[in-house]
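The lines below spell out each chain.
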Amino acid sequence: MSRRGSEPGSGGTADFSADLASFAVRSVSFDEWVDIDTLVHRSSVTSGDFDYVLRPLCPDCGVEAEIEYETLELEADGGREVISALVCAPCQVLWEPDQPED
């Protein structure tokens, strides 16, 4: 299952997955992808007055990238959401993780 949204559990934004077929695809090394997922999901801070959450920006144009999530079905916790793709609609670019080498 995958969906787009600004954060896990959100209602998401407009779904343009049909248009993604025409987007350029760029690969990100698996280690860097894990770092991105960790920073986006686990770096939110609440100070009492403000909430801080890191958001990925497109390196080409600086626009906030859309995040596509995938739910991993794990026996231990019933499932966990991970980032499966980052999408920049203005640049028509999609970033995906390289598969780890075994």
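Report follows, based on the coordinates. (Residues numbered from 1 in each chain as written. Predicted model: local features only at pLDDT ≥ 70, side-chain atom pairs only at ≥ 80, totals over all residues. Heavy atoms only, no water.)

1. Quick word on the overall build of the chain
From N to C terminus, the chain includes one helix and seven strands. Beginning at the N terminus, the succession of helices and strands in the chain can be written as β-β-α-β-β-β-β-β. Burial statistics for the chain: of 102 residues in total, 26% are counted as buried. Restricting to contacts in the chain with at least 6 residues of sequence separation, those with at least 24 account for 54%. (Helix = DSSP H or I, 4+ residues; strand = E, 2+ residues; numbered from the N terminus. Buried < 20%, exposed > 50% of the residue type's maximum accessible area, 1.4 Å probe, protein only. Contact = heavy atoms within 4.5 Å.)

2. Quick word on the pattern of salt bridges
All told, the structure shown has one salt bridge when counted by the stated rule. Across the salt bridge formed by Asp60 and Arg26, the nearest N and O atoms sit 2.8 Å from each other. Highlighted residues: Asp60 in the loop between strand 4 (51-52) and strand 5 (66-72) and Arg26 in strand 2 (residues 24-28), separated in sequence by 34 residues. (Salt bridge = Lys/Arg side-chain N within 4 Å of Asp/Glu carboxyl O.)

3. Some words on the environment of Val93
Turning to its location among the elements, Val93 is positioned in strand 7 (residues 93-97). C-alpha of Val93 to C-alpha of Arg26: the two residues are 67 residues apart in sequence and 7.2 Å apart in space. For Val93, the contacting residues outside a window of four places in its chain are Phe23, Ala24, Arg26, Asp60, Leu86, Val87 and Cys88.

4. Looking at unusual backbone geometry
Leaving glycine out, the prevailing phi sign among residues is negative, and the prevailing peptide bond configuration is trans. Located in the positive-phi region is Gln92, a residue other than glycine, with phi close to 55°. In this fold, Gln92 is placed in the loop between strand 6 (80-88) and strand 7. Gln92 gets classed as partly exposed once you look at its relative accessible area, which sits at 42%.

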